[in-house]
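Understanding the architecture of this molecule
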Amino acid sequence: MRIFDPHIHMTSRTTDDYERMYAAGVRAVVEPAFWLGQPRTSPASFADYFDGLLGWEPYRAAQFGIVHHCTIALNPKEANDPRLRGVLDLLPRYLAKDRVVAVGEVGYDEISPAEDEALTRQLALAAEQGLPVLVHTPHRDKAAGTRRTIDVVRESGLPPERVLIDHLNEMTVGMVADSGCWMGFSVYPDTKMDVDRMVTILKDHGLDRVLVNSAADWGRSDPLKTRAVGDAMLAAGFSEADVDTVLWANPVAFYGQSGRLDLSGVAAQATEATITAAAVAAGGDYAGNTVLRGSPA
Ligand SMILES: [Zn+2]
């Protein structure tokens, strides 16, 4: 089973996770820029974070046989802090970079005027740069928030096939299916969507325009939930080709619209799940650093 996790925050995860993900079949990930838990206080913190998503983290993923791309945005939660408005001015420079395959995560948290402005400006940037967009839906008041999100996306004039609306559930999947946008589902250990509900949604709605992700981050989450969904699909009678559609072909099709998805590294990568000191040494370092602690003696 080959897996592309289209939404995972690897900056928050350990090398053990990378090893387990590789062993489970994960060969590619997209890491959306998001909230780090600790509020940031200046645009400069975002510049360093964006540089990490484009530099150190893809280097680190490659050490474990996984191809890493990212999405860049001012997230909805921090869009409410007036000190961070300057982040919107940083975005055009970052959105032009090779490994950026979408604008995201954008969307609503509390549905405030500041969030409205950040969302509208970032949808316009996506249109200008010809990039897909990853849109987060609020966890509270999800149906109303998702309805509002779909309306704003429609008003932006972006083609719906370039928009992924994420963190959906049984209540919101129908309206997003009707909108023509892509449908994202984040499968968590004990909140929101779980594996069995996900399989039921796939049975009811089909596989078209559906993406499944772990959204694993610094909170209670599990980077192997994509694999768990694949196994549960097979147990429920879906074919291996169906699993490949949801866990590989669909994310490739969605992010491929950026023209920047480069999966040439997938075939060339090592077949060993556990990284060796020799492999790291052969791969060179990144800004004088590797994933090894100390030199490989
Ligand atoms: Zn996320």
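Here the structure is shown first, and the text comes after it.
What counts, and at which threshold
Note that residues are indexed from 1 along each chain, following the sequence as it is written. This being a predicted model, a pLDDT of at least 70 is required before a residue's local features are given, and a value of 80 or more before pairs of side-chain atoms are given or counted; all residues contribute to the totals for chains, interfaces and linings. Here the rule is simple: two strands pair whenever DSSP picks up at least two bridges between them. Each helix is a run of H or I in the DSSP string that is no shorter than four residues. Each strand is a run of E no shorter than two, and both are numbered from the N terminus. The axes are straight lines fitted to the C-alpha atoms, using for helices just the contacting stretch, and the angles between their N-to-C directions are given from 0 to 180°. Residue pairs are scored as contacts if the distance between their C-beta atoms, which are placed from the backbone, is within 7 Å. Residue burial is a threshold on neighbouring C-beta atoms within 10 Å of the residue's own C-beta, all placed from the backbone, with 20 or more meaning buried, 12 or fewer meaning exposed, and counts in between meaning partly exposed. By the criterion used throughout, a crossover qualifies as right-handed when its path from the first strand across the helix to the second strand runs clockwise, the strands pointing away from the viewer. An angle counts as roughly parallel when it lies under 35 degrees, as roughly antiparallel when it exceeds 145, as roughly perpendicular when it falls between 65 and 115, and as oblique in every other case. Note: crossing handedness is left-handed where the near helix turns anticlockwise from the far helix by less than a right angle, and right-handed where it turns clockwise. Helices are assigned an expected span. That span is 1.5 Å times one less than the residue count. To obtain the bend at a residue, axes are fitted to the seven residues ending there and to the seven starting there, and the angle between these axes is taken.

**Quick word on the sheet that holds strand S2 (residues 26–32)**
- Strand order in the open sheet formed by eight strands is S1-S2-S3-S4-S5-S6-S7-S8, with parallel pairing between adjacent strands. Strands with a single pairing partner mark the edges of an open sheet, and in this sheet they are strand S1 (3–5) and strand S8 (210–213). Between one strand and the next, the sheet's axes are offset by a mean angle of 25°, whatever the strand orientation.
- Pairing of strand S7 (residues 182–186) with S8 involves four bridges; the strand directions are parallel. Following the sheet pairing, serine 186 is matched in S8 by asparagine 213.
- Strands in contact with helix H5 (residues 113–129) are strand S4 (100–107) and strand S5 (133–136); relative to S4, the strand with the most contacts, it is inclined by about 160°.
- Sitting on the sheet, helix H10 (residues 240–256) is in contact with S1, S2, strand S3 (67–72), S4, strand S6 (163–166), S7 and S8, with an inclination near 110° to S8.

**A short note on unusual backbone geometry**
- For the peptide bond that leads from glycine 104 to glutamate 105, omega is -10°, which places it in the cis range.
- Within the secondary structure layout, glutamate 105 lies in strand S4.
- We note that aspartate 141 has phi near 50°; this positive angle belongs to a residue other than glycine.
- As for its placement among the helices and strands, aspartate 141 is situated in the loop between S5 and helix H6 (142–156).
- For alanine 215, which is not glycine, the phi dihedral falls at a positive 45°.

**Remarks on the pairing of S5**
- Judged by which residues are buried, S5 turns out to be covered on both faces: Val133 and Val135 on one side and Leu134 and His136 on the other are all buried.
- In terms of handedness, the path from S4 via H5 over to S5 forms a crossover that is right-handed.
- Regarding the hand of the β-α-β motif, the stretch spanning S5, H6 and S6 is right-handed.

**As for the packing of helix H9 (residues 225–235) against H10**
- Running from amino to carboxyl end, H9 crosses H10 at an angle of 155°, the nearest separation of the two axes being 9 Å. Judged by the inter-axis angle, H9 sits roughly antiparallel to H10. Crossing of H9 against H10: the hand is right-handed. For the pair H9 and H10, contact is made by Thr226, Gly230, Met233 and Leu234 and by Asp242, Val243 and Leu247, respectively.

**So, the packing of helix H8 (residues 195–205) against H9**
- The N-to-C vectors of H8 and H9 enclose an angle of 55°; their axes lie 9 Å apart at closest approach. Of the possible angle classes, the one that applies to H8 and H9 is oblique. By crossing handedness, the relation of H8 to H9 is classed as right-handed. Residue-level inspection shows Val195, Asp196, Met198, Val199 and Leu202 of H8 in contact with H9, the latter providing Ala228, Val229, Ala232 and Met233.

**Some details on H10**
- In a regular helix each residue adds 1.5 Å, so 17 residues correspond to 24 Å; H10 covers 22 Å between its end C-alpha atoms and thus fits that length.
- Within H10, the axis deviates most sharply at valine 246, by approximately 40°.
- For H10, the set of buried residues is Val243, Val246, Leu247, Asn250, Pro251, Phe254 and Tyr255.

Keep in mind these numbers describe shape, not what the thing actually does.
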